[in-house]
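Notes for the structure review
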Amino acid sequence: MTISKETVPITALGNTLLFEPIKVGANTLPQRIAFAPSTRCRATADNIPTDLQLQYYDERSKYPGTLIITEATYLSEQGGLNPHVPGIFNKRQVAGWKKINDAIHANNSFSSIQLWYLGRVANAQHLKNKGLPYIAPSAVYWNEETEAIAEQAGNPLRALTIEEIDHIVDVEFPNAARNSLEAGFDYVEVHSAHGYLLDQFLNTASNKRTDEYGGSIENRARLLLRIIDKLIPIVGAGRLAVRLSPWAKFQNVDTEGEEIHSYILNELQKRADEGNQLAYISLVEPRVQASWDIEEDKQVGSNDFTYKHWKGNFIRAGTYAHELDKIDQDIDNGRTLLAFSRFFLSNPDLIEKLKDGIPLTQYERPTFYTQDNFGYNTWPRNGELISFDEETEKARIGKPLA
Ligand code: PHB
């Protein structure tokens, strides 16, 4: 495989609302484009950020005022231990992220960390190796494969106890949030989307609890809101954010759509009315789930309802690169940013290209989740000729930053 030379023509957006400034919590960003969180597996096997990630985020934050939402990051060992995904639960990870944030800030740009907790989509064997249980809202496996791994590991999925839920709220999230601040992140985003732990609580397919965390909408949303209330005084509301995917069925959750998400947004708006407005709500558009497009005839729902309930900023992500000509319509309200993921991988200078209408380099999915540098730091900027040896880059595995 060679790096794509295919390009996608685009129109210049420099004169659109995308290039108007916007206030996001404590900071004013000069434009409304963000880098959407994207798992790319270039951390070490023991979850430490690497030199490859440093180069990657540095290159993608060169346009001043870019908001980089870094890849989903394990907030505790219990949250996740898959190799090559970064964490923010130990000192080395904090020191590694600090170097990445220093580079982003030297470019006058901003960073947000996405705090990740896998729950039932974790690997039971990885948890077992550390003496940790395999936990979720309820003992409902998401597929046969994870059930087989759990059985083999002798670590069957079980429902979280109330004490364990309290530990997540009172210890795990606050530790990760403090670590994130120490590492220099400008924002802390709570991942409550895509069938991961917090979404598993929201969702009736995965939450069969009969206590105060299951059943009614209020109960299913309780954990997320407790976490937000815990983090507001630690992080500051203006640096705190949440990600939601009202329409995603990724990892065998049902589409929960409007009802519970309206409730959550109303609750967050209540906090805003009391002076604690979160920096932004990040929304996954119904056109995508994780990094996959949904075929048009299978798409359900629309995120239009969200604007009725939440008066603050939204960051919306999902195939916007294919709709650049009608972007002004979507953001004509002074409180919407758009986030790009796949084209930000293959175009380190994506923002300049969008501004000037320079064709985008097509991305290549086969290198999204590999561990080496090929297809990661091998994408040229406009007019740049990078020469590299494919075999050398494929042999280049990241070195820990700390
Ligand atoms: C993934 O790593 O596959 C992933 C992470 C976060 C998401 C979706 C997918 O929201």
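See above for the structure.
Each value, and the rule that gives it
In this numbering scheme, every chain counts its residues from 1 along its sequence in written order. In view of the model being predicted, local features appear only for residues whose pLDDT reaches at least 70, and side-chain atom pairs are presented and counted only at 80 or more, with totals across whole chains, interfaces and linings using the full set of residues. Note that water and hydrogens are dropped before the side-chain values are worked out from all heavy atoms of the structure. Paired strands, in this sense, are two strands between which DSSP finds at least two bridges. A run of DSSP states H or I qualifies as a helix once it reaches four residues; a run of E qualifies as a strand once it reaches two. Both are numbered from the N-terminal end. Angles here are taken between N-to-C directions and fall from 0 to 180 degrees, while the axes themselves are lines fitted to C-alpha atoms, restricted in helices to the stretch in contact. Whether two residues touch is decided by their heavy atoms; if any such pair falls within 4.5 Å, the residues are in contact. Here, nonpolar core means buried Ala, Val, Leu, Ile, Met, Phe, Trp, Tyr and Cys residues that are tied together by side-chain atoms lying within 4.5 Å of each other. Each residue's exposure class comes from its accessible area (1.4 Å probe, protein chains only) as a fraction of the maximum for that residue type: buried when under 20%, exposed when over 50%, partly exposed otherwise. An angle counts as roughly parallel when it lies under 35 degrees, as roughly antiparallel when it exceeds 145, as roughly perpendicular when it falls between 65 and 115, and as oblique in every other case. By the definition used in this description, the sense in which the near helix is turned from the far one sets the handedness, with an anticlockwise turn below a right angle giving left-handed and a clockwise turn giving right-handed. In the scheme used here, Gly and all other residues not listed as nonpolar or charged are polar, with Ala, Val, Leu, Ile, Met, Phe, Trp, Tyr, Cys and Pro taken as nonpolar and Asp, Glu, Lys and Arg as charged. Here, a salt bridge means any Lys or Arg side-chain nitrogen found within 4 Å of an Asp or Glu carboxyl oxygen.

Neighbouring strands of a sheet are bound in pairs by backbone hydrogen bonds; such pairs are parallel or else antiparallel. Here we have eight strands rolled up into a closed barrel, ordered 4-5-6-9-10-11-14-15, and parallel in their pairing. Pairs of neighbouring strands in the sheet enclose a mean axial angle of 25 degrees, with direction left out of account. Packing against the sheet, helix 8 (residues 222-235) makes contact with strand 9 (187-192) and strand 10 (240-244), and its axis sits at approximately 155 degrees to strand 10. Helix 9 (residues 257-273) contacts strand 10 and strand 11 (280-284) of the sheet and is inclined by roughly 170 degrees relative to strand 10.

Below, the discussion takes up the nonpolar core. Counting 83 residues, the largest nonpolar core has Phe173 and Phe340 as the members making the most contacts within it. If one sorts the elements of this core by residue count, helix 8 sits on top with eight residues. The contacts of Phe340, once residues within four sequence positions are left out, are Ile33, Ala34, Phe35, Ala36, Tyr320, Ala321, Leu324, Ile327, Leu350 and Leu354.

It is worth spelling out the packing of helix 8 against helix 9 at this point. Between helix 8 and helix 9, the shortest axis-to-axis distance is 11 Å and the interhelical angle comes to 20 degrees. Here helix 9 runs roughly parallel to helix 8, going by the angle between their axes. Like other packed secondary-structure pairs, helix 8 and helix 9 cross with a definite hand, here right-handed. Facing helix 8, whose interface residues are Leu224, Leu225, Ile228, Asp229 and Ile232, helix 9 presents Tyr263, Ile264, Glu267, Leu268 and Arg271. Each residue belonging to the contact of helix 8 with helix 9 can be placed in one class, and the counts come to seven nonpolar, no polar and three charged.

Turning our eyes to something else, we now look at the pattern of salt bridges. By the definition in use, this model includes 21 salt bridges. Across the pair Glu267 and Lys270 runs a salt bridge whose closest N-O atoms are separated by 2.7 Å. Note that Glu267 and Lys270 are positioned in helix 9 at a spacing of three residues, about one turn of the helix. With relative accessibility at 47%, the residue Lys270 sits in the partly exposed group. A salt bridge links Arg271 to Glu267; its shortest N-O distance comes to 2.8 Å. Of this pair, Arg271 and Glu267 both sit in helix 9, four residues apart, which is roughly one turn of that helix. Look at Glu267 and you get buried, because its relative accessible area is 12%. Salt bridges linked by common partners bring Asp166, Asp170, Arg226 and Lys230 together as one network.

This part is about the pairing of strand 14 (residues 314-317). Judged by which residues are buried, strand 14 turns out to be covered on both faces: Phe314 and Arg316 on one side and Ile315 and Ala317 on the other are all buried. Here four bridges tie strand 14 to strand 15 (residues 336-340), and the two strands are oriented parallel to one another. Pairing of Arg316 across the sheet is with Leu338, part of strand 15.

This part is about the packing of helix 1 (residues 51-60) against helix 2 (residues 91-106). Running from N to C, helix 1 and helix 2 cross one another at 20 degrees; their axes reach a closest spacing of 9 Å. Considering their axes alone, helix 1 and helix 2 lie roughly parallel with respect to each other. As for the relative orientation of helix 1 and helix 2, their crossing is right-handed in sense. Between helix 1 and helix 2, the contacting residues are Gln53, Leu54, Tyr57 and Asp58 on the first element and Trp97, Lys99, Ile100, Ala103 and Ile104 on the second.

Glancing now at the side chain of Asn347. Along the chain, Asn347 falls in the loop between helix 12 (342-346) and helix 13 (350-356). Note on Asn347: relative accessible area 0%, which makes it buried. In this structure, Asn347 is in contact with Lys353, Leu360 and Thr361, ignoring residues within four places of it in sequence.

One non-glycine residue, His194, lies in positive phi territory at about 55 degrees. Along the chain, His194 falls in the loop between strand 9 and helix 6 (197-202). Judged by relative accessible area, which is 5%, His194 ranks as buried. Phi at Gln251 takes a positive value of approximately 65 degrees, unusual for a residue other than glycine. Its place among the elements puts Gln251 in the loop between strand 10 and helix 9. The exposure class assigned to Gln251 is buried, which follows from its relative accessible area of 12%.

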